[in-house]
Amino acid sequence: MLIVNVGVLSDWQTAFADCLPGLRVCGWDDPGVDPGAVRYALVWAPTPGRLARFPNLELILSSASGVDHILKDPAWPAHVPIVRMVTPETGERMADYVTLAALALIRDLPQLIAGQRAACWQGHLTGRLASETRVGILGLGQLGIRVADRLAGVGFKVAGWSRSPKPGAAVESFAGPDALPALLARSDILVNLLPRTMQTRGILDAGALAALPQGAGLINVGRSDHLDAAALTAALDSGHLGGAVLDVFDAEPLPAGHPLWAHPKVLVTPHIASTPSQQARARQAAQNILAHREGRALAHLYDAVRGY
Ligand code: NAP
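Quick caveat: nothing in here was measured; it's all calculated off a predicted structure. Think of each chain on its own: its residues are numbered from 1, step by step along the sequence as written. In view of the model being predicted, local features appear only for residues whose pLDDT reaches at least 70, and side-chain atom pairs are presented and counted only at 80 or more, with totals across whole chains, interfaces and linings using the full set of residues. Side-chain measures here rest on the full set of heavy atoms in the structure, leaving out hydrogens and waters.

Let us now look at the overall build of the protein. When helices and strands are counted, the protein shows ten helices and twelve strands. Only C-alpha atoms enter the radius of gyration; for comparison, a globular chain is expected to reach 2.2 Å times N to the power 0.38, where N is the number of residues. Taken against the 2.2 N^0.38 rule, which gives 19 Å for 308 residues, the C-alpha radius of gyration of the protein at 21 Å falls within 12% of a compact globule. In terms of its C-alpha atoms, the protein occupies a principal-axis envelope of roughly 65 × 45 × 35 Å. Each of the 308 residues in the protein was classed as buried or not, and the buried ones make up 50%. We call two residues in contact whenever any of their non-hydrogen atoms come within 4.5 Å of each other. Across the protein, contacts joining residues at least 24 apart in sequence account for 59% of those joining residues at least 6 apart. Throughout, the Shrake-Rupley method with a 1.4 Å probe supplies accessible areas, and for residues the shown protein chains are the sole cover considered. As displayed, the protein has an accessible area near 14,300 Å², and 56% of this comes from carbon and sulfur atoms. Computing the positive centroid from 26 side-chain charges and the negative centroid from 26, the protein places the two 2 Å apart. Helix and strand definitions here come from DSSP, where helices need a minimum of 4 consecutive H or I residues and strands a minimum of 2 consecutive E residues; each element is numbered from the N-terminal end. Buried, partly exposed and exposed residues are distinguished by accessible area as a fraction of the type maximum, computed with a 1.4 Å probe on protein chains only: under 20%, between the cut-offs, and over 50%, respectively. Counted charges follow a simple rule, with Lys and Arg positive, Asp and Glu negative, and His plus the chain ends left uncounted. Charged groups are reduced to one reference atom each: NZ for lysine, CZ for arginine, CG for aspartic acid, CD for glutamic acid.

Next up on the list: the pattern of salt bridges. One speaks of a salt bridge when a side-chain nitrogen belonging to Lys or Arg is within 4 Å of a carboxyl oxygen belonging to Asp or Glu. Applying the stated criterion to the full structure yields ten salt bridges. Here Arg-150 ties to Asp-96 by a salt bridge, and the two come within 2.7 Å at their closest N and O atoms. With a gap of 54 residues between them, Arg-150 in helix H5 (residues 142-154) and Asp-96 in helix H3 (residues 88-106) connect regions that are remote in the sequence. Arg-150 gets classed as partly exposed once you look at its relative accessible area, which sits at 29%. The shortest N-O distance in the salt bridge between Asp-188 and Arg-134 comes to 3.0 Å. In this pair, Asp-188 is assigned in the loop between helix H6 (180-185) and strand S9 (189-192) and Arg-134 in strand S6 (residues 134-138), connecting sequence segments 54 residues apart.

Strand pairing is assigned whenever DSSP detects at least two bridges linking the two strands. Taking strand neighbours across the sheet as the criterion, the five strands line up as S2-S1-S3-S4-S5 in an open arrangement whose pairing is parallel. Strand pairing shows two members of the sheet lacking a second neighbour, strand S2 (25-27) and strand S5 (82-83), which therefore form its edges. The pairing of strand S3 (residues 40-43) with strand S4 (residues 59-62) spans four bridges and is classified as parallel. Each bridged residue has a counterpart across the sheet, and for Leu-42 the counterpart in S4 is Leu-61. The sheet contacts of helix H1 (residues 9-19) involve strand S1 (2-4), S2 and S3, and relative to S2 the element is tilted by about 170°. Lines fitted to C-alpha atoms define the axes here, with helix axes fitted over just the stretch in contact, and angles between the N-to-C directions of these axes take values from 0 to 180 degrees. With respect to the sheet, helix H10 (residues 278-293) is in contact with S3, S4 and S5, its orientation differing from that of S4 by roughly 160°.

Nearness is judged by heavy atoms alone; a residue qualifies as near a molecule or strand once a single heavy atom is within 4 Å of it. Contacts to the ligand come from 29 residues, most closely from Gln-142, Leu-143, Ser-164, Lys-166 and Tyr-308. N or O atoms within 3.5 Å of each other form a polar contact, as long as, within protein, one can give a hydrogen and the other can take it, and as long as residues adjacent in sequence are counted only when both atoms are side-chain atoms. At a separation of 2.9 Å, an oxygen atom of the ligand approaches a polar backbone atom of Gln-142. Note that an oxygen atom of the ligand is positioned 2.5 Å from one of the side-chain N or O atoms of Tyr-308. For the ligand, whose free accessible area comes to 940 Å², the fraction covered by protein is 93%.

As annotated, the domain borders come from an automatic or database domain assignment. Split into domains, the protein comes out as domain 1 (2-87 + 276-293) and domain 2 (90-268). Here the C-alpha centre of domain 2 lies 32 Å away from the C-alpha centre of domain 1. Residue-level contacts link ten residues of domain 1 with seven residues of domain 2. A combined buried area of about 690 Å² lies between domain 1 and domain 2, and 49% of that area is made up of carbon and sulfur atoms. Accessible surface is computed with a 1.4 Å probe, and the buried area is the amount of it that two parts give up when combined, taken over both parts together. In terms of surface lost to domain 2, no three residues of domain 1 exceed Asp-68, Val-86 and Pro-276, which account for 49% of the buried area on that side. Between domain 1 and domain 2 we count one salt bridge in total. The partner of Asp-68 in a salt bridge is Arg-223, with the nearest N and O atoms 2.9 Å apart.

Written out as structure tokens, the structure reads:
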């Protein structure tokens, strides 16, 4: 039996009936579910302690690409493998989003939107070329590589930063903490696509933002705790940074009245940069459940030693 705590249960049942007929799919709060019968759990931010109540759980399927929302539960059953949700759609959607965001930043879209609202004709906002804009991507994993390829195809000068070197990457590769200052110094636009780990938390602090070139833009699609939001606001207000596109926040939904909603240099989106369709997520989950049953390797397994 699979239990789910995200989305509409009947939609999941329909989606799994297509790709894994015979799998029983039940709701997280269904009082009729025998905890001992639950083998698989497909979850987003499970209530702390709940996963530990399924004694025969064999596989945890994250409904998102990150797993930080599961690891926040101090009682999560660490002996049970966690699979990240990475579908073919995930990278494509993220590449679409970051391309939109990067083009929005070089063409001053936040200021143009504010100008339209105020009926203000800002003919001086002619923007700059993608081909003269250097983009740095923090994280060259499943998503970062797709984003890098797409941005390079649009004409941006792209480099990426990761834990391990990427000698085969089509874009310039920086690796390890010592290489971060050089990556920041050459990033007219910085894209954050890191996972949330002990090492990456708070990485976008005042010092990192100050290391970006004058007028640089920031696209945060990683996690909110990578970024010092107060330092970002200060850097935007001082004119050091030219704009930001933010998809992830400490509190989601971002509370009404939060200053970021109205900041003239910021585009806010509601954590939608890359949410694959329910069918795509069900297909990936079904493939991993089948692989697990047949003793084959699982795709996109969380690695507790690396922390992502
Ligand atoms: P991934 O395949 O695990 O890639 C992570 C990348 O980060 C890898 O290149 C890794 O380096 C690098 N990295 C990790 N720790 C590092 C460190 N300490 N220093 C330098 N580089 C480090 O993850 P993914 O599938 O691309 O997803 C990345 C993140 O995107 C997710 O964790 C999630 O937070 C976020 N996300 C957001 C949305 C959204 O809608 N906003 C949607 C999906 C995902 P190596 O290559 O050397 O391992």
